[in-house]
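Topology and contacts: notes
In case you want the letters, here they are:
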Amino acid sequence: MNLKELIRSRRTIHQFKDEPVSWDLVEEALELSLWAPNHKLTEPWRYISANPEQRQQLVDLAVDLKKQKESEFSETKEKALRKKLSAPAHWIFLGISKSADPRTFEEDQATMACSVQIISLVLWEKGIGTKWSTGKFSIHPETYKILDISPDEIYLMGVLFIGIPDLIPAPPKKKAPGTFW
Ligand SMILES: Cc1cc2nc3c(=O)[nH]c(=O)nc-3n(C[C@H](O)[C@H](O)[C@H](O)COP(=O)(O)O)c2cc1C
């Protein structure tokens, strides 16, 4: 795939197959993501790969939060959510070191956004899908405890699910080029 095709064809994947993805491929994508532009070379990245025990706890947390939000959250819905969240081969939490300077903190978040796109494109080229989720459970105070990180030191920008796509969504409708300039 050439670069243009790669950029246009990448989709956020919401449904993954319950299949493994080699950690070496993930690690390669993480390494490449460190080449994102990074003002003042702060190196803010703190990637946290959730282990199976942490994942189980995080799935429980996600279910609990859904139950709090939706009084009608049925057993069937719970089962479906557990299955959906269990499918991606890897969960990489997107942490950045928390800068005391508000401007640097903003710029570090921008760097992470650039890095996530690099990860997604590098993996997409190999047929591996990603989903950046900022869902409630991904940034919840309990999540910091489960991952054993301090919110004073690390700021979570969500989680990146990585896995083999089960369904590739249709591309979103885009306004005509030129609309934004
Ligand atoms: C910062 C950020 C947070 C996102 N959080 C979520 C999320 O919580 N849930 C979700 O379904 N998609 C999430 N997405 C994915 C977007 O919804 C998705 O990029 C958008 O629908 C366009 O689809 P595409 O990525 O396939 O082009 C997020 C994307 C970004 C950049």
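Everything quoted here is computed from the prediction, not taken from an experiment.

For an α-helix, 3.6 residues make a turn, and residues three or four places apart therefore share a direction. Its 23 residues place the ends of helix H5 (residues 102–124) 33 Å apart at the C-alpha level, agreeing with the 33 Å of an ideal helix rising 1.5 Å per residue. Within the sequence span of H5, burial applies to Asp108, Thr111, Met112, Ser115, Ile119, Ser120, Val122, Leu123 and Trp124. The secondary structure elements touched by the buried residues of H5 are helix H1 (3–9), helix H2 (23–33), strand S2 (45–49), strand S3 (90–97), strand S4 (129–133) and strand S5 (154–163).

Turning our eyes to something else, we now look at the site of the ligand. As a matter of local geometry, the ligand sits amid Arg11, Thr12, Trp132, Ser133, Thr134, Gly135, Gly158 and Pro172. Split by residue class, the shell around the ligand holds 2 nonpolar, 5 polar and 1 charged.

Next up on the list: the pairing of S5. Burial of S5 is extensive: 8 of the 10 residues sit out of reach of the surface. When S3 meets S5, the two strands line up antiparallel, connected through 7 bridges. Its bridge partner lying in S5, Trp91 is registered against Phe161. Bridge analysis of S4 against S5 gives 5 bridges, and the strand direction is antiparallel. Of the residues in S5, the one forming a bridge with Trp132 is Leu160.

Here we come to the sheet that holds S3. The strand order across the open sheet formed by 4 strands is S2-S3-S5-S4, and the pairing between neighbours is antiparallel. Edge positions in the sheet fall to S2 and S4, since each has one partner strand and no second. Recorded for the sheet is a direction-independent mean angle of 25 degrees between the axes of neighbouring strands.

What follows deals with the packing of helix H3 (residues 52–69) against helix H4 (residues 75–86). Put simply, H3 and H4 touch, their axes get as near as 10 Å, and they point 145 degrees apart. Crossing angle aside, the handedness with which H3 passes H4 is right-handed. Side by side, H3 and H4 meet where Val59, Ala62, Val63 and Lys66 of the first sit next to Glu78, Leu81, Arg82, Leu85 and Ser86 of the second.

To continue, consider the nonpolar core. By size, the foremost hydrophobic cluster in this structure holds 24 residues, and its most contacted members are Ile92, Leu94, Leu123, Val159, Leu160 and Ile162. Only H2, S3, H5 and S5 provide two or more residues apiece to this core. No other element matches S5, which puts 7 residues into this core. Contact partners of Leu94, with chain neighbours within four places excluded, come to Met112, Val116, Leu156, Met157, Gly158, Val159 and Leu160.

This part is about the environment of Trp132. Its location among the elements puts Trp132 in strand S4. Sequence separation between Trp132 and Val122 is 10 residues, and the spatial gap between their C-alpha atoms is 15 Å. If near-sequence neighbours (up to four positions away) are discounted, Trp132 is found in contact with Val116, Gly158 and Leu160.

Cut-off values and rules
- Residues numbered from 1 in each chain as written.
- Predicted model: local features only at pLDDT ≥ 70, side-chain atom pairs only at ≥ 80, totals over all residues.
- Helix = DSSP H or I, 4+ residues; strand = E, 2+ residues; numbered from the N terminus.
- Expected span 1.5 Å × (residues − 1).
- Buried ≥ 20, exposed ≤ 12 C-beta atoms within 10 Å, placed from the backbone.
- Contact = placed C-beta atoms within 7 Å.
- Near = placed C-beta within 6 Å.
- Nonpolar A, V, L, I, M, F, W, Y, C, P; charged D, E, K, R; others polar.
- Pairing = 2+ DSSP bridges.
- Axes fitted to C-alpha atoms, helices over the stretch in contact; angles between N-to-C directions.
- Left-handed = near helix turned anticlockwise from the far one by under 90°.
- Core = buried A, V, L, I, M, F, W, Y, C linked by C-beta atoms within 7 Å.

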